[in-house]
Amino acid sequence: MLKQVTIFKKRPDLATDAFEEHWRTRHAEIVCELPGLRRYVQNHMAPDAGDHVDGIAEVWFDDIDAMRANAGHPALEAIRADERNFIDVDTMVAIIAEPAIVIDGEAGDAKLIVLVKRNPSVEPERFHRAWRDEVGGAMAALASAPHAPTRYEQDHTRAGGYRHGREPAFDGTASLWFPNQDAAGAFFTSPGFATVAAAERDLMDPAGIKALWVEPVIVR
């Protein structure tokens, strides 16, 4: 399974309510016409998420061939045309990622998406291996700790995103679910999480990371 993650801001002339209404309704209907679409989640920003991003869309397909098969399809053309009705298209960035489930529990009420950027001195292959094995392993070891996320997923930007010297907008995303934001605060300040932070320290570019509380809408 592959996931495309698209991050964007709303058209500046639109009120937030109008932006969210169009995205939830008309645009969702168009996206669901895509052949091969397995899952579709809209992540609307929580009230305290800040102004970095207005929306994060996640769509799942079986594989890269299923994604590429939509090139030129009328539904994809309709999606691109409709994006201009509510999105500032100049702000749109996307990655195609390979999902990895680290803590396979129920999704809690509070969802945090972290846009991940690696330390520029770390080669992509080494970064993804260490993020999956070392950081993921440290998180998995805390699955039963107090206030730990009920579910934790990593989405690794595919190797093709680096081909020919390209640099993707992000090296991946992490999604964490908690019972509530207070539990998350307790977890991130716990001694146990210090082991995760230590594993991340040399891998990540702190200036390039954004952590966003979102309100997910499961469309499909």
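These numbers were taken from a predicted model, which means no experiment stands behind them.

1. Focus: the packing of aromatic side chains
1) Next: Per the stated rule, a full pass over the model turns up 11 aromatic pairs.
2) Next: With a centroid separation of 6.2 Å and 70° between ring planes, the pair formed by Phe-8 and Phe-19 is classed as edge-to-face. With Phe-8 in strand S1 (residues 2-8) and Phe-19 in helix H1 (residues 16-31), this pair connects stretches of sequence that are 11 residues apart. Each member of the pair, Phe-8 as well as Phe-19, carries the same accessibility label: buried.
3) Next: Considering the side-chain rings of Phe-19 and Trp-23, the 5.8 Å spacing of their centres and the 40° angle between planes classify their relative orientation as tilted. Of this pair, Phe-19 and Trp-23 are both found in helix H1, 4 residues apart, which corresponds to roughly one turn of the helix.
4) Next: With a relative accessible area of 1%, Phe-19 lands in the buried category.
5) Next: Owing to a relative accessible area of 1%, Trp-23 belongs among the buried residues under this scheme.
6) Next: A connected cluster of aromatic rings, assembled from ring pairs, spans Phe-178, Phe-187, Phe-188, Phe-193 and Trp-213.
7) Next: Residue placement shows Arg-39 over the ring face of Trp-60; its charged tip is 4.6 Å from the ring centre.

2. A short note on the sheet that holds strand S5 (residues 110-116)
1) Next: Around the barrel, which closes on itself, the 8 strands sit in the order S1-S3-S2-S8-S5-S7-S6-S4 with antiparallel pairing between neighbours. Mean inter-strand twist for the sheet, computed between neighbouring axes without regard to direction, equals 30°.
2) Next: Contacting strand S4 (93-103), S5, strand S6 (151-157) and strand S7 (172-178), helix H4 (residues 124-140) runs over the sheet at an angle of about 175° to S6.
3) Next: Against the sheet, helix H5 (residues 181-188) makes contact with S5, S7 and strand S8 (210-218), and its axis sits at roughly 115° relative to S7, the strand it touches most.

3. So, the nonpolar core
1) Next: Of all hydrophobic cores here, the largest spans 27 residues; its most connected members are Trp-131, Tyr-152 and Leu-176.
2) Next: Of all elements in the fold, only S5, H4, S7, H5 and helix H6 (191-200) reach the threshold of two or more residues within this core.
3) Next: The element that contributes the greatest number of residues to this core is H4, accounting for 6 residues.
4) Next: Among residues more than four places away in sequence, those in contact with Leu-176 are Ala-110, Lys-111, Leu-112, Val-114, Met-139, Pro-149, Arg-151, Tyr-152 and Phe-188.
5) Next: Residues Ala-28, Ala-75, Leu-76 and Ile-79 belong to the second largest nonpolar core, which totals 22 residues.

4. Quick look at the environment of Asp-155
1) Next: Assignment of secondary structure puts Asp-155 in strand S6.
2) Next: Here Asp-155 falls in the buried class, since its relative accessible area comes to 0%.
3) Next: Sequence-wise, Asp-155 and Val-89 are 66 residues apart; in three dimensions their C-alpha atoms are separated by 23 Å.
4) Next: Ignoring sequence-local partners within four residues, the contact set of Asp-155 consists of Lys-3, Glu-58, Ala-97, Glu-98, Pro-99, Trp-131, Asp-171, Gly-172 and Thr-173.
5) Next: Only 2.9 Å separates the side chain of Asp-155 from the side chain of Lys-3, close enough to count as a polar contact.

5. Regarding the packing of H1 against helix H3 (residues 74-83)
1) Next: For the pair H1 and H3, the least separation of the axes is 9 Å and the interaxial angle reads 160°. The angle between H1 and H3 falls in the class roughly antiparallel. Contacts from His-22, Arg-26, His-27, Ile-30 and Val-31 of H1 reach H3 at Ala-75, Ala-78, Ile-79, Asp-82 and Glu-83.
2) Next: Of the residues assigned to the contact of H1 with H3, the class counts are 5 nonpolar, 2 polar and 3 charged.

6. Things to note about the environment of Glu-123
1) Next: Mapped onto the elements of the fold, Glu-123 is located in the loop between S5 and H4.
2) Next: With relative accessibility at 56%, the residue Glu-123 sits in the exposed group.
3) Next: Spatially, the C-alpha atom of Glu-123 lies 30 Å from that of Ser-190, the residues being 67 residues apart in sequence.

7. Thoughts on the pairing of strand S3 (residues 55-61)
1) Next: Burial analysis of S3 places 7 of its 7 residues in the buried class, the great majority of the element.
2) Next: Across the two faces of S3 the burial is the same, with Gly-55, Ala-57, Val-59 and Phe-61 and Ile-56, Glu-58 and Trp-60 all buried.
3) Next: Of the pairings in the sheet, the one linking strand S2 (residues 39-45) to S3 comprises 6 bridges and is antiparallel in character. If you follow Val-41 over to S3, its bridge partner there is Glu-58.

Procedures and definitions
Residues numbered from 1 in each chain as written. Predicted model: local features only at pLDDT ≥ 70, side-chain atom pairs only at ≥ 80, totals over all residues. Heavy atoms only, no water. Phe/Tyr/Trp six-rings, centres within 6.5 Å; stacked < 30°, edge-to-face > 60°. Helix = DSSP H or I, 4+ residues; strand = E, 2+ residues; numbered from the N terminus. Buried < 20%, exposed > 50% of the residue type's maximum accessible area, 1.4 Å probe, protein only. Lys NZ or Arg CZ within 6 Å of the ring centre and 35° of its normal. Pairing = 2+ DSSP bridges. Axes fitted to C-alpha atoms, helices over the stretch in contact; angles between N-to-C directions. Contact = heavy atoms within 4.5 Å. Core = buried A, V, L, I, M, F, W, Y, C linked by side-chain atoms within 4.5 Å. Polar contact = N/O pair within 3.5 Å; in protein donor to acceptor, adjacent residues only side chain to side chain. Parallel < 35°, antiparallel > 145°, perpendicular 65-115°, else oblique. Nonpolar A, V, L, I, M, F, W, Y, C, P; charged D, E, K, R; others polar.

Everything listed here is a matter of coordinates, which is why it stays silent on function.
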